[in-house]
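Read off the chains here:
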Amino acid sequence: MTIQDVDEDELRARFDATIENHDRVEARDWMPQGYRATLVRQIAQHAHSEIIGMQPEGNWLTRAPSLRRKAILLAKVQDEAGHGLYLYSACETLGVTRDELTARLLAGAQKYSSIFNYPTLTYADVGAIGWLVDGAAICNQVPLCRTSYGPYGRAMIRICKEESFHQRQGYELLAAMMRGTDEQRAMVQESVDRFWWPALMMFGPPDDDSPNTAQSMAWGIKRHTNDELRQRMVDMTVPQAEALGVTLPDPELRWNEERGSYDFGSPDWDEFWAVLKGDGPCNAQRLAHRRRAWEDGAWVREAAMAFAAAQSEEAQYEEAW
Ligand code: BYC
């Protein structure tokens with residue numbers, strides 16, 4: 001056995017102990033290659049989702065029904081950009097650059113959340129996204145604040161605080177529409193009908209069809225399985241739907257006294273896998289828009305780099321004097 005082998009065993013033992021004790025792994029620490037690759041995959045996918053997720057809601061910025069609604073929506077869409085940036089930064093601590101991650105997304109080698117491949121057809125969709133999509137995001141992301149990788153967990157703490165404002169603004173918008181005209185109430189119901197199942201798909205495939213869950217749970221990257229979080233979302237949302245006065249489009253939805261949870265139907269998993277393969281209603285449009293924004297923004301990135309280089313040169317010159 002070489003000295004290098006001994007070191008590697010010791011490093012691995014230290015890593016295993018960190019995971020077992022629910023401590024944080026930090027960027028400087030040794031970690032198995034698979035752990036690093038899984039984090040890059042999940043955090044990058046999460047970051048891409050935040051940035052691509054700006055598109056469906058950004059679609060309504062110029063057509064918000066009032067100044068108040070426009071200010072709220074602007075703030076929310078800007079928050080999503082911020083979330084993307086925290087997450088890209090967390091991912092960069094693992095040794096990949098933001099440029100590489102974006103290139104992988106544009107080449108189709110990395111994913112973003114399936115939910116953003118659905119269109120936003122009415123202003124009620126802004127409310128449904130806030131209530132259901134951000135609601136699902138909160139269920140999924142609050143446990144990620146305790147994920148085993150420090151930079152990811154710390155980014156999630158701030159993101160979750162903002163997500164809770166996002167969810168409330170969506171609920172408040174829908175509640176205002178439900179107090180309005182019959183047309184507005186119908187618009188809310190129609191939107192909820194379209195977003196309910198795609199929101200449940202955000203949690204990923206059923207546990208039996210989820211190739212990554214077992215290892216990600218063993219490493220403390222994920223703290224709950226996809227199905228556990230989906231159940232939590234249903235249990236949280238049903239009373240809110242009752243308070244709003246909307247019907248969730250699932251005839252199988254009913255309280256199960258024994259389990260202390262709601263039973264519910266199964267999302268259309270064929271549709272889910274088709275959306276992941278690129279065949280959702282908006283996949284091509286979302287990626288084309290992202291590609292255009294990346295290319296159009298090249299001069300800004302170059303100018304910022306040139307400015308930073310000039311500043312550092314100036315600082316060195318002053319130091320030398
Ligand atoms: N969409 O083994 P599994 C937001 C993929 S942003 C697309 O269960 P894992 C917001 C999965 O990647 C919310 N792909 O995977 C923003 C894997 O494929 P690869 C984004 C999905 O990683 C703006 C394969 O299916 N949230 O809220 O253990 C405005 C097998 O799945 C999806 C996050 O990213 C999906 N829905 O679990 C408003 C949360 N589901 O990568 C709101 C962080 C699965 O092997 N991520 N896949 O090719 C996670 O918690 C986990 O990655 C997942 C999937 C639960 C999503």
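The name given to the protein in an unreviewed UniProt entry is 1,2-phenylacetyl-CoA epoxidase subunit A, and the organism recorded there is Actinomadura chibensis.

(A) The arrangement of the overall build of the protein in detail. If you tally the helices and strands in the protein, you get 13 helices and two strands. Taken over C-alpha atoms, the radius of gyration comes to 22 Å for the protein, in line with the 20 Å a tight globule of 321 residues would show. Dimensions along the principal axes, computed over C-alpha positions, put the protein at roughly 70 × 50 × 35 Å. Here the protein, with 321 residues, has 47% of them falling under the buried criterion. The contacts in the protein between residues at least 6 apart in sequence include a share of 77% that link residues at least 24 apart. Separation of charge centres in the protein, based on 34 positive and 49 negative side chains, amounts to 4 Å.

(B) The site of the ligand, seen in detail. Gln 45, Lys 111, Ser 210, Lys 222 and Asn 226 are the nearest of the 34 residues found near the ligand. Arg 41 is positioned such that a nitrogen or oxygen atom in its side chain is 3.0 Å from an oxygen atom of the ligand. The side chain of Asn 226 places a nitrogen or oxygen atom 2.8 Å from an oxygen atom of the ligand. Compared with its free state, where it exposes 1,000 Å², the ligand has 92% of that area covered by protein. Elements with a contribution of two residues or more to the shell around the ligand: helix 2 (33-52), helix 4 (67-92), helix 6 (124-141) and helix 11 (269-279). For the shell around the ligand, the leading source of residues is helix 2, giving six residues.

(C) Representation of the side chain of Gln 110. Mapping Gln 110 onto the fold places it in the loop between helix 5 (98-106) and helix 6. What makes Gln 110 buried here is its relative accessible area of 11%. Side chain to side chain, Gln 110 and His 48 meet in a polar contact 2.8 Å long. Look past the residues within four positions of Gln 110 in its chain and what remains in contact with it is Val 40, Ala 44, His 48, Leu 101, Arg 104 and Leu 105.

(D) Structural detail: the nonpolar core. With 41 residues, the main nonpolar core has Trp 131, Leu 132 and Val 246 as its most contacted residues. Taken together, the elements giving at least two residues each to this core come down to helix 4, helix 6, helix 7 (150-178), helix 8 (182-201) and helix 10 (226-244). Per-element accounting of this core gives the leading share, nine residues, to helix 6. Residue contacts for Val 246: discarding those within four places in its chain leaves Trp 131, Met 178, Val 188, Gln 189, Val 192 and Ala 241.

(E) Broad picture of the domain arrangement of the protein. Assigned domains within the protein: domain 1 (8-278) and domain 2 (281-320). Once you take the C-alpha centre of each, domain 1 and domain 2 turn out to be 28 Å apart. With 15 residues of domain 1 at the interface, the matching set in domain 2 holds ten residues. Between domain 1 and domain 2 lies a buried interface of about 1,300 Å² when both sides are counted; carbon and sulfur atoms form 61% of it. When the buried surface of domain 1 facing domain 2 is broken down by residue, Gln 55, Leu 106 and Asn 117 rank first, second and third, together holding 43% of it. Scanning the region where domain 1 abuts domain 2 turns up zero salt bridges. Summed over the shared surface of domain 1 and domain 2, the result is six residue pairs in polar contact (both at pLDDT 80 or more). Examining the composition of the side of domain 1 that touches domain 2, we find that four residues originate from one element, helix 5, more than from any other. Per-class residue counts for the side of domain 1 that touches domain 2 are ten nonpolar, four polar and one charged.

(F) Quick look at unusual backbone geometry. Look at His 22: it is not a glycine, yet its phi comes out positive at around 60 degrees. The topology assignment puts His 22 in the loop between helix 1 (3-20) and helix 2.

(G) Layout of the environment of His 224. Summarising the element assignment, His 224 is placed in the loop between helix 9 (213-218) and helix 10. Using a relative accessible area of 17% as the deciding quantity, one classes His 224 as buried. Taking the C-alpha atoms as reference, His 224 lies 25 Å from Ala 128; in sequence the two are 96 residues apart. A distance of 3.4 Å separates polar atoms of two side chains, one belonging to His 224 and the other to Glu 228.

About the cut-offs
- Residues numbered from 1 in each chain as written.
- Predicted model: local features only at pLDDT ≥ 70, side-chain atom pairs only at ≥ 80, totals over all residues.
- Heavy atoms only, no water.
- Helix = DSSP H or I, 4+ residues; strand = E, 2+ residues; numbered from the N terminus.
- Rg over C-alpha atoms; globule rule 2.2 N^0.38 Å.
- Buried < 20%, exposed > 50% of the residue type's maximum accessible area, 1.4 Å probe, protein only.
- Contact = heavy atoms within 4.5 Å.
- Lys, Arg positive; Asp, Glu negative; His and termini not counted.
- Charge placed at Lys NZ, Arg CZ, Asp CG, Glu CD.
- Near = heavy atom within 4 Å.
- Polar contact = N/O pair within 3.5 Å; in protein donor to acceptor, adjacent residues only side chain to side chain.
- Areas by Shrake-Rupley, 256 points an atom, 1.4 Å probe, with all protein chains shown as cover.
- Core = buried A, V, L, I, M, F, W, Y, C linked by side-chain atoms within 4.5 Å.
- Domains from an automatic or database assignment.
- Buried area = accessible area lost by both parts, 1.4 Å probe.
- Salt bridge = Lys/Arg side-chain N within 4 Å of Asp/Glu carboxyl O.
- Nonpolar A, V, L, I, M, F, W, Y, C, P; charged D, E, K, R; others polar.

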